[in-house]
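Observations on the model geometry
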Amino acid sequence: MSIRLRGRRGLITASAVTALLSLAAATPALAGTGTSAGTAHAVGVTAPQGDPRNVTQRVADFYGAYIDAVWDGEDPAAGAQLKALRGFYLSAAARKKVAAYEAKEHADGILFAQNVPVKWKVVYTGSGAGHTTSRVTLTWGDGAHAQVTRIDVLSDLRTRKITDLRPSD
């Protein structure tokens, strides 16, 4: 009889420990679920990763860093960061095309807008003739009425540089 009782206690204790550990693991993720304007969002469950050989990943890296720098435009280093990002990720021809767009439209030639998106996503859409195409989806605002725009980004497979950007239809 004492073996059974000990077995039941062990099972109850193991169940309680498992429940507590599960709660402890979930708590950091739940801590970042509240949203309020102007606050940073804590994300406890994601594990960003990448591969410098993956051209679509490089487009995602570029847009992530670029949007961060534009978002933090008040930071004195932001302007230099934007120039450096363009210089590193874009081909000379793409930089020239972006500059022409900006002069004509008075808007950012990477985002094709005058403001900053709150979210972005990049997916592979195809490749051929030494290039790959990625689709960048930008979300402008939160909630049910958030606007979405898309940009097709062409990259050279050899150099991994962005060679063309154009709003998607």
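Residues numbered from 1 in each chain as written. Predicted model: local features only at pLDDT ≥ 70, side-chain atom pairs only at ≥ 80, totals over all residues. Heavy atoms only, no water.

Looking up the protein chain in an unreviewed UniProt entry gives the name Nuclear transport factor 2 family protein, with the organism given as Streptomyces anandii.

Let's talk about the environment of Y63
Residue position: Y63 is located in helix α2 (residues 55–71). If sequence neighbours within four positions are ignored, Y63 has contacts with I110, L111, W120, V136, L138, I151, V153 and L165. From its side chain, Y63 meets the backbone oxygen of I110 in a polar contact 2.9 Å long. (Helix = DSSP H or I, 4+ residues; strand = E, 2+ residues; numbered from the N terminus. Contact = heavy atoms within 4.5 Å. Polar contact = N/O pair within 3.5 Å; in protein donor to acceptor, adjacent residues only side chain to side chain.)

Concerning the packing of α2 against helix α3 (residues 78–89)
Between α2 and α3, the shortest axis-to-axis distance is 9 Å and the interhelical angle comes to 165°. It follows from the interaxial angle that α2 and α3 lie roughly antiparallel. In the packing of α2 onto α3, the handedness of the crossing is left-handed. Contact residues: α2 offers R58, D61, F62, A65, Y66, A69 and V70, while α3 offers A78, Q81, L82, L85, R86, F88 and Y89. Looking at the contact of α2 with α3, its residues break down into ten nonpolar, one polar and three charged. (Axes fitted to C-alpha atoms, helices over the stretch in contact; angles between N-to-C directions. Parallel < 35°, antiparallel > 145°, perpendicular 65-115°, else oblique. Left-handed = near helix turned anticlockwise from the far one by under 90°. Nonpolar A, V, L, I, M, F, W, Y, C, P; charged D, E, K, R; others polar.)

A word on the packing of aromatic side chains
Inspection of the entire model under this criterion finds five aromatic pairs. Ring geometry for F88 versus Y89: centroids 5.0 Å apart, planes at 85°, classification edge-to-face. Residue class for F88 comes out partly exposed when judged on its relative accessible area of 46%. When its relative accessible area of 15% is taken as the criterion, Y89 is described as buried. For the pair Y101 and F112, a centre-to-centre distance of 4.9 Å together with 75° between the ring planes defines the contact as edge-to-face. Of this pair, Y101 sits in helix α4 (residues 92–105) while F112 sits in the loop between α4 and β1 (119–128), placing them eleven residues apart in sequence. A residue is classified by how much of its surface remains accessible, and Y101, at 24% relative accessible area, is partly exposed. (Phe/Tyr/Trp six-rings, centres within 6.5 Å; stacked < 30°, edge-to-face > 60°. Buried < 20%, exposed > 50% of the residue type's maximum accessible area, 1.4 Å probe, protein only.)

Here we look at the environment of P167
Topologically, P167 is positioned in strand β4 (residues 162–167). For P167, a relative accessible area of 48% puts it in the partly exposed group. As a C-alpha pair, P167 and F112 span 55 residues in sequence and 7.3 Å in three-dimensional space. Non-local contacts of P167, meaning those with residues more than four positions away in its chain, are made with F112, R150 and I151.

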